[in-house]
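Take a look at the letters that make up each chain.
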Amino acid sequence: MEPTNVKQLLKQKPKANLGFYPTPFYRLENLSKKLGIDLFIKREDFSGQSLFGGNKIRKLEYLIGDAKEQGAEYIFTFGATQSNHAMQTVESCRKEGLTPILYLVAYVEPDENDLRSNLLLDRILGAEVHVILKNPGESDAEVDARSVKMAREHMARLTEKGHRCYEIPMGGASPIGTTGFINGFAEIAEQAAAVGQSFDYLIHATGSGGTMAGLVAGKKLLDHPMRVVSFDVIGHDASYLENSAALANESLEQLGADDRLTADDFEHDNNYYLPGYEMPSDAANDAIRLLAREEGLFLDPVYSGKAFAGMLDYIEKGIIPPGSSVIFLHTGGATALFAEKEILGNLLEK
Ligand SMILES: Cc1ncc(COP(=O)(O)O)c(C=O)c1O
């Protein structure tokens with residue numbers, strides 16, 4: 001299938017126009033020279049709709065499109081208190097006249113008298129924000145499940161009063177959200193073809209898995225040779241790839257496509273997320289400083305910094321051989337540079 005056919009297939013889906021596409025795609029001249037590879041960047045952080053864009057807007061175009069088609073008034077979603085997804089959902093709701101309600105888990109406890117980063121933006125945007133503090137001994141999975149339970153009880157109360165609610169899972173990782181990155185892969189394939197060269201790798205950060213599922217589903221539809229390498233920023237168990245394949249397959253099925261993925265279709269690396277989600281690593285902070293000082297652009301410590309650090313290590317070890325053509329997908333998140341110290345770590349120490 002050609003990228004234009006994929007775009008045609010996607011036309012059947014309801015969609016809200018939230019971002020500015022195609023996002024920029026260009027060569028990083030200084031770093032290409034320094035690293036001995038041909039390095040391009042895809043600026044998904046420039047998606048719009050505000051200055052603080054990122055990969056979630058592409059998913060939200062389909063999610064908000066679906067919510068509006070279903071007549072929803074309230075949009076519920078989840079994440080950490082500094083969730084990029086939650087903030088971009090609120091922006092999108094505001095543009096489309098929907099009411100956003102957030103259930104956010106405080107992995108890093110916010111200071112209500114000194115709000116930072118995305119939580120600050122959520123408040124300026126006037127979202128209804130419920131901050132869920134972790135109980136002693138409660139695991140991340142348990143507190144996430146508790147926040148979903150609380151949100152669903154809230155939705156039930158609104159539904160009982162005759163309102164229509166729409167639930168978007170954490171990270172927008174639903175089959176409908178995933179559709180956004182089938183679209184995203186087709187866009188990258190078109191831009192890569194337009195510069196007249198073939199690319200060996202597409203590198204990105206993976207969290208909830210929707211971006212990865214969509215990119216790899218797009219690769220499958222196009223039968224594209226570029227390898228998609230996904231650096232995990234959370235640390236997932238083996239079920240992650242099965243779940244991501246299921247997500248991609250439901251998305252492909254909804255589009256009426258025959259292709260299907262298995263866990264083996266993903267090139268997923270779980271070695272660069274430590275010390276943990278929203279916990280800074282020296283390597284990610286080195287990567288942030290490198291990109292800032294060589295190219296004048298900003299990564300973030302939670303997602304793109306860790307993926308870029310993974311890519312640099314692959315280059316150093318020759319896993320990505322010298323002379324390779326590589327696209328780094330910048331998924332946004334730089335608002336985290338204005339987050340709590342616990343998220344930034346030693347960023348300013350060098
Ligand atoms: C900046 C940034 N990069 C990457 C990701 C990972 O995307 P996904 O959740 O689709 O795996 C996220 C998700 O929140 C993000 O905010």
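Now for a look at the structure at hand. (Residues numbered from 1 in each chain as written. Predicted model: local features only at pLDDT ≥ 70, side-chain atom pairs only at ≥ 80, totals over all residues. Heavy atoms only, no water.)

### Examining the packing of aromatic side chains
Then comes step 1: Taken as a whole and judged by the stated rule, the model has 10 aromatic pairs.
Then comes step 2: With a centroid separation of 5.9 Å and an interplanar angle of 70°, the aromatic rings of phenylalanine 25 and phenylalanine 199 are classed as edge-to-face. Of the two residues, phenylalanine 25 is situated in strand β1 (residues 25–27) and phenylalanine 199 in the loop between α7 (175–194) and β7 (201–206); the sequence distance between them amounts to 174 residues.
Then comes step 3: Residue phenylalanine 199 is classed as buried on the basis of its relative accessible area, which comes to 7%.
Then comes step 4: Both rings, one in phenylalanine 40 and one in phenylalanine 199, keep their centres 5.0 Å apart while their planes meet at 85°; by these two values the pair is edge-to-face. Taken together, the residues span a long stretch of sequence, with phenylalanine 40 in strand β2 (residues 38–43) and phenylalanine 199 in the loop between α7 and β7 at a distance of 159 residues.
Then comes step 5: Here the aromatic cluster, defined as three or more aromatic residues joined through ring pairs, consists of Phe25, Phe40 and Phe199. (Phe/Tyr/Trp six-rings, centres within 6.5 Å; stacked < 30°, edge-to-face > 60°. Helix = DSSP H or I, 4+ residues; strand = E, 2+ residues; numbered from the N terminus. Buried < 20%, exposed > 50% of the residue type's maximum accessible area, 1.4 Å probe, protein only.)

### Let's talk about the layout of surface pockets
Then comes step 1: Estimates place the volume of the largest pocket at around 1,100 Å³.
Then comes step 2: If you trace the largest pocket, you find 46 residues lining it, with Met170, Gly207, Ser208, Ile234 and His236 closest to the centre.
Then comes step 3: At the level of elements, α3 (56–69), β3 (74–80), α4 (84–96), α6 (140–160), β7, α8 (210–222) and α9 (239–254) are the ones that each hand at least two residues to the lining of the largest pocket.
Then comes step 4: Grouping the amino acids of the lining of the largest pocket by side-chain chemistry returns 17 nonpolar, 22 polar and seven charged. (1 Å grid on protein atoms, 1.4 Å probe; cavity = no way out; pocket = protein on both sides within 12 Å on 5 of 7 lines; lining within 4 Å. Points joined across faces, edges and corners; volume = space filled by probe spheres on them. Nonpolar A, V, L, I, M, F, W, Y, C, P; charged D, E, K, R; others polar.)

### Comments concerning the site of the ligand
Then comes step 1: What surrounds the ligand is a group of 15 residues, the closest being Lys56, Lys59, Ser208, Thr211 and Thr331.
Then comes step 2: Here an oxygen atom of the ligand and a backbone polar atom of glycine 207 are 2.7 Å apart.
Then comes step 3: For the ligand, the accessible surface in isolation is 390 Å², of which the surrounding protein chains cover 97%.
Then comes step 4: Here the ligand is seated within the largest pocket.
Then comes step 5: Counting only elements with at least two residues in the shell around the ligand, the list comes to α3, β7 and α8.
Then comes step 6: Among the residues making up the shell around the ligand, the classes are represented as two nonpolar, 11 polar and two charged. (Near = heavy atom within 4 Å. Polar contact = N/O pair within 3.5 Å; in protein donor to acceptor, adjacent residues only side chain to side chain. Areas by Shrake-Rupley, 256 points an atom, 1.4 Å probe, with all protein chains shown as cover. Sits in = over half its atoms within 2 Å of the grid points.)

### Side note on the pattern of salt bridges
Then comes step 1: One pass over the structure, following the stated rule, counts 22 salt bridges.
Then comes step 2: Between arginine 289 and aspartate 286 there is a salt bridge, with its nearest N and O atoms 2.6 Å apart. Of this pair, arginine 289 and aspartate 286 both sit in helix α10 (residues 282–295), three residues apart, which is roughly one turn of the helix.
Then comes step 3: Exposure remark for aspartate 286: the relative accessible area of 34% places this residue in the partly exposed category.
Then comes step 4: Lysine 350 is the partner of aspartate 286 in a salt bridge, and the nearest nitrogen-oxygen pair spans 3.2 Å. Note that aspartate 286 is positioned in helix α10 and lysine 350 in the segment after α12 (341–344), a separation of 64 residues in sequence.
Then comes step 5: By relative accessible area, which is 59% here, lysine 350 ends up exposed.
Then comes step 6: What you see here is one network of salt bridges that share partners, running through Lys42, Glu44, Arg58 and Glu187. (Salt bridge = Lys/Arg side-chain N within 4 Å of Asp/Glu carboxyl O.)

### A few points about the nonpolar core
Then comes step 1: Core analysis: the biggest nonpolar cluster contains 52 residues, and Ile64, Ile75, Tyr166, Phe185, Leu202, Leu215 and Ile327 have the highest contact counts within it.
Then comes step 2: Elements represented by at least two residues in this core include exactly α1 (3–10), α3, β6 (165–168), α7, α8, α9 and β10 (325–330).
Then comes step 3: Apart from the residues within four sequence positions on either side, phenylalanine 185 is in contact with Leu202, Leu215, Gly218, Lys219, Leu222, His224, Met226 and Val228.
Then comes step 4: Membership of the second largest hydrophobic core comes to 38 residues, among which are Tyr272, Ala287, Ala336 and Ala339. (Core = buried A, V, L, I, M, F, W, Y, C linked by side-chain atoms within 4.5 Å. Contact = heavy atoms within 4.5 Å.)

Shape descriptors only; they carry no functional weight alone.
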